Amino acid sequence: MNIQWYPGHMTKTRRMITEQLRNVDAVCEILDARIPVSSRNPDVDELTAGKPRLVVLNRVDQADRPATDSWAAWFRAQGHAVLLCDAKSGAGTAKFAAAVRELLADKLRAYAEKGQTGRVVRVMVLGIPNVGKSTFINRVAGRKTARTEDRPGVTRSKQWVPIDRGLELLDTPGILWPKFEDQSVGLNLAYTGAVKDDILDVETLGCHLMAYLGARYPNALLTGYRLSGLPEREEGENDIAYGYRLLEAAGRKRGFLISGGEVDTERMAKILLDEFRAGKLGRFTLEMLEE
Ligand code: G4P
């Protein structure tokens, strides 16, 4: 698994988060609802220990709703507040300010008792690349915020984004990294487009995704590729081998044939990933709580 990572940039980001933590009242961790584990930064718990946390499960429009609800309950049980959002359409984002104030209710009450009613509540927004941070921030701020460049090697200064009177967001001073040493995390990040496809060849990626969808969401494949049934999985058959047979079945149905009547599985794999990402096959969660 060849995902680029930048130890120097990560160290800088970690330091900035630690420094800025004393200026904020809470942390807003934005996750991809389809991959609530893979889209977590492995160090956030340790880095932000002790700060109240609002977990935003973003991209709920693309995720399987019952699975999202289970994850929301699980994050709540960890003591976090949870907000379900589709930052692209804006659904759920209007509840952000109220969710933060509820999360910090005790603190706000204490301020009020001391007469400090004008105190501004500040929240640090964290998330891995492409999870929807800018879209989310623009939504809750109700406008386009100016963003400085956000990529490794380019230092971004911190930015306070006013939300309403008394609430400000601190945009992340850099990117956060996922837990990319784990193969299944790498696959999940690639399916969802959070990392570039070139971590694995597209056909292999397509085989893995087909095998997952075949096991978890067979009806989506039956409908999406107009199949009358899915091939049976043979005993001991691994994901790649089974996924390959699914790619063949779908590709044959689509008429993606090459010489000799063979199926162009590479073309089918590209189409599968495109259609998956565009939501054409349905709504999916790639990590289930019970697993
Ligand atoms: P980042 O700052 O965390 O890196 O992510 P950013 O907001 O740039 O979002 C990355 C892409 O994800 C954008 O699409 C954005 O529109 C999309 N997105 C963000 N939140 C959601 C969501 O809740 N649901 C869906 N379906 N999409 C979401 P893009 O193709 O790069 O740009 P655009 O063509 O949508 O403008």
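Residues numbered from 1 in each chain as written. Predicted model: local features only at pLDDT ≥ 70, side-chain atom pairs only at ≥ 80, totals over all residues. Heavy atoms only, no water.

When its secondary structure is counted, the protein chain shows eleven helices and eight strands. In terms of principal-axis extent, the alpha carbons of the protein chain reach across some 80 × 40 × 35 Å. The buried share among the 291 residues of the protein chain stands at 48%. Put simply, 70% of the contacts in the protein chain that link residues at least 6 apart link residues at least 24 apart. Only carbon and sulfur atoms are counted for the fraction: they give 48% of the accessible area of the protein chain, which is about 14300 Å². Seen as two clouds, the 42 positive and the 39 negative side-chain charges of the protein chain have centres 9 Å apart. (Helix = DSSP H or I, 4+ residues; strand = E, 2+ residues; numbered from the N terminus. Buried < 20%, exposed > 50% of the residue type's maximum accessible area, 1.4 Å probe, protein only. Contact = heavy atoms within 4.5 Å. Areas by Shrake-Rupley, 256 points an atom, 1.4 Å probe, with all protein chains shown as cover. Lys, Arg positive; Asp, Glu negative; His and termini not counted. Charge placed at Lys NZ, Arg CZ, Asp CG, Glu CD.)

Okay, the pattern of salt bridges next. Following the criterion strictly, the structure yields 19 salt bridges and no others. A salt bridge links Asp106 to Arg109; its shortest N-O distance comes to 3.2 Å. Of this pair, Asp106 and Arg109 both sit in helix α5 (residues 105-113), three residues apart, which is roughly one turn of that helix. By relative accessible area, which is 59% here, Asp106 ends up exposed. Glu275 is paired through a salt bridge with Arg254; the nearest N and O atoms lie 2.9 Å apart. (Salt bridge = Lys/Arg side-chain N within 4 Å of Asp/Glu carboxyl O.)

Every buried residue of helix α4 (residues 96-103) is accounted for by Phe96, Ala97, Ala99 and Val100. Buried residues of α4, viewed axially, fall in a sector of 165°; they line one side. For α4, exposure combined with an orientation more than 90 degrees from the buried face picks out Ala98 and Glu102. (Arc of directions from axis to C-beta.)

Here we come to the pairing of strand β1 (residues 26-32). Taken across its seven residues, β1 has seven buried, putting it largely inside the fold. Of the two faces of β1, both are covered, the one formed by Ala26, Cys28, Ile30 and Asp32 as well as the one formed by Val27, Glu29 and Leu31. By the bridge criterion, four bridges tie β1 to strand β4 (residues 121-126) in an arrangement that is parallel. Note that in β4 the partner of Cys28 across the bridge is Val125. Where β1 meets strand β2 (residues 53-58), six bridges bridge the pair, whose relative direction is parallel. Looking at the pairing, Glu29 lines up with Val55 of β2. (Pairing = 2+ DSSP bridges.)

Before going further, it helps to spend a moment on the packing of aromatic side chains. Counted according to the given criterion, the structure contains seven aromatic pairs. Between Trp74 and Phe75, the ring centres sit 5.0 Å apart and the planes meet at 80°, which makes this aromatic pair edge-to-face. Exposure remark for Phe75: the relative accessible area of 1% places this residue in the buried category. Ring centres of Tyr217 and Phe284 lie 4.8 Å apart, and the angle between their planes is 70°; on these two criteria the pair is classed as edge-to-face. Within this pair, whereas Tyr217 is found in the loop between α8 (202-216) and α9 (218-224), its partner Phe284 is found in the segment after α11 (265-277), the two being separated by 67 residues in sequence. Neither residue differs from the other here; Tyr217 and Phe284 are each classed as buried. (Phe/Tyr/Trp six-rings, centres within 6.5 Å; stacked < 30°, edge-to-face > 60°.)

Taken in spatial order, the six strands of this open sheet run β3-β2-β1-β4-β6-β5, and their pairing is mixed. The open sheet terminates on both sides in strands that have one partner only, identified here as β3 (81-84) and β5 (159-164). The sheet shows a mean angle of 25° between the axes of neighbouring strands, taken without regard to direction. Together, β1, β2 and β3 form the strand contacts of helix α3 (residues 65-77), whose direction differs from that of β3 by roughly 160°. (Axes fitted to C-alpha atoms, helices over the stretch in contact; angles between N-to-C directions.)

With that out of the way, let us pick up the environment of Leu200. Within the secondary structure, Leu200 sits in the loop between α7 (183-191) and α8. Between the C-alpha atom of Leu200 and that of Ala72, which follows or precedes it by 128 residues, the distance is 31 Å. Discounting chain neighbours no more than four positions away, the residues touching Leu200 are Leu187 and Leu205.

Before going further, it helps to spend a moment on the site of the ligand. With respect to spatial proximity, 15 residues lie near the ligand, and among them Arg59, Asp61, Asn130, Ser134 and Thr135 are the closest. In the environment of the ligand, an oxygen atom lies 2.7 Å from a nitrogen or oxygen atom belonging to the side chain of Arg59. Within the side chain of Ser134, an N or O atom sits 2.5 Å from an oxygen atom of the ligand. In the complex, 65% of the free accessible area of the ligand, which totals 710 Å², lies under the protein chains. (Near = heavy atom within 4 Å. Polar contact = N/O pair within 3.5 Å; in protein donor to acceptor, adjacent residues only side chain to side chain.)

Another point: unusual backbone geometry. Glycine aside, a negative phi is what most residues show, and trans is what most peptide bonds show. In this model, Asn130 sits at a positive phi of 75°, which is unusual for a non-glycine residue. Under the relative-accessibility criterion, Asn130 is labelled partly exposed at 45%.

In the contact formed by α8 and helix α10 (residues 239-254), the axes pass within 7 Å of each other and the chain directions differ by 90°. Judged by the angle between their axes, α8 and α10 are roughly perpendicular. Judged by residue contacts, Glu203, Thr204, Gly206, Cys207, His208, Met210, Ala211 and Gly214 of α8 engage Asp239, Ile240, Tyr242, Gly243, Tyr244, Leu246, Leu247 and Ala250 from α10. Within the contact of α8 with α10, the residues separate by chemical class into nine nonpolar, five polar and two charged. (Parallel < 35°, antiparallel > 145°, perpendicular 65-115°, else oblique. Nonpolar A, V, L, I, M, F, W, Y, C, P; charged D, E, K, R; others polar.)

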